[in-house]
Every structure is written in C-alpha cells, then in structure tokens.
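Architecture and fold: a report
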Amino acid sequence: MIIKTIVTGSIAENCYLVWCEKSRTLHIIDPGADPENIIAAAGELDYDRAEILLTHGHIDHISAAGAVAKALAVPSIRIAAGDRFLLGNPANSFYPDYPTARDLPPAEDFSADGDYQVLELPGHSPGGSGFLFEENGERALFTGDTIFSNSIGRSDLWGGDGEALLRSIRERILPLEDSLRLYPGHGPTTTVGIERKYNPWLR
C-alpha cells in the first residue's frame, strides 16, 4: 500500500491517494481542490483503475472531483447516501475559492472490492464516512473531518450533530488499536492512542 498526501486549496484540505498492490486500484480520497496537482500525483503511480471516495460532501472535499474524474476516466464518485444532498447544492459553497461544485459524475455506493472497510461516522455531516484500509499487515484509517490531531470536527454545518460526532469517535474510532494511524481531512496524521490520551475534546 502506498499513501500520498496532497494538501489542496486555501483551506489546506488533505486529499489522499491510496494505491493497493493486490487490486492495483488507486483510491482518490477527497479531491478538494487543485485538480492538476492530484492528476499529476496519480500519474506517478502504476494502477489499473481509479476510483474517487468521499468521506463527506462539504465543498472543500469535493470541488476537484469532477475535473479529476474526467481526467482519469473515473465514471462515478462514491459517497454515503446521507451526504448526497450536498452535491451541486448552491448552499454548499465558499466564495470565492470554493464555488458550488459542477460537472460531478454520478454518485454511487461504496464498492465491496476488499481494499477497505467503510466506517459510518455521522456528526460532522449526516453521511460522514471513514475508510479503513489494510494490506500486508499495514492499516490506515481515513477519517475526513470527524477527528483531527488534538481536535475534532465541527458540527455546526449542514446536518451536523455534536452528540453524533462524539459517538462516532468513541464507538467506532477509539476502540481500534492504539497504533492505528489516522489520516484526517486537515492537518497532520495522528494515531488512535495519541488521540485517546491527549485529545482535549475527548476527555
């Protein structure tokens, strides 16, 4: 498994490229902005197919999805049903840097190809999702804006729920092994053990 991080846009959102050896699939997680950088990074990897996975539908995580999908011949984007109301929604914008997303390919459910497990992580948004990858003994969890290093996601945006957010973290992330590396939607990586011990929002 190869993981590349591409920091995109004025909000410094983390887009991740996850290449899995067994399936030879490139998973593009949250192409938020700067599609030319994402496309160039994908060109450095040798893969048979690419797919776009969205942890949630907020504009800073999806605005480059249309351009990336077109350039890499990705027929659809995969996102939980609970966040599809955000796709193309005029309210889901942040001007001038993040206008409403246009030319998005169709939304589909997550695939069952064996590279990752989907964790339902509502709270930051209704359909918030995490992707737990495992290959050759290496595990990595991509958490979107549910949890960050020493912080947690907002719950005051469209469909957010603070109590649900904390439940998602405590019931679905913190029970995992301390060594599991977390790849959040913004900021540096961290681990389950570090956040369990030091995150002030979880005490």
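These remarks concern the structure in this document.

Parameters at a glance
Residues numbered from 1 in each chain as written. Predicted model: local features only at pLDDT ≥ 70, side-chain atom pairs only at ≥ 80, totals over all residues. Heavy atoms only, no water. Pairing = 2+ DSSP bridges. Helix = DSSP H or I, 4+ residues; strand = E, 2+ residues; numbered from the N terminus. Contact = heavy atoms within 4.5 Å. Axes fitted to C-alpha atoms, helices over the stretch in contact; angles between N-to-C directions.

1. Digging into the sheet that holds strand E6 (residues 107–108)
Read across the sheet, six strands follow the order E1-E2-E3-E4-E5-E6 without closing on themselves; strand pairing throughout is mixed. Single-partner strands in this sheet number two, and they are strand E1 (2–8) and E6. Judged from the five bridges that link them, strand E2 (residues 13–20) and strand E3 (residues 25–29) form a sheet pairing that is antiparallel. Its bridge partner being in E3, Val-18 is matched across the sheet by His-27. Each of E1, E2 and E3 is contacted by helix H1 (residues 35–42), which is oriented at about 165° to E1, the strand it contacts most.

2. So, the sheet that holds strand E12 (residues 181–184)
On the basis of which strands lie adjacent, the open sheet formed by five strands has the order E7-E8-E9-E12-E13 and mixed pairing. Sheet topology places strand E7 (116–120) and strand E13 (190–191) at the edges, where each strand pairs with a single neighbour. Pairing between E7 and strand E8 (residues 129–135): five bridges, direction antiparallel. Looking at E8, one finds that Leu-119 is bridged to Gly-130. Packing against the sheet, helix H4 (residues 162–173) makes contact with E7, strand E9 (138–144) and E12, and its axis sits at approximately 140° to E7.

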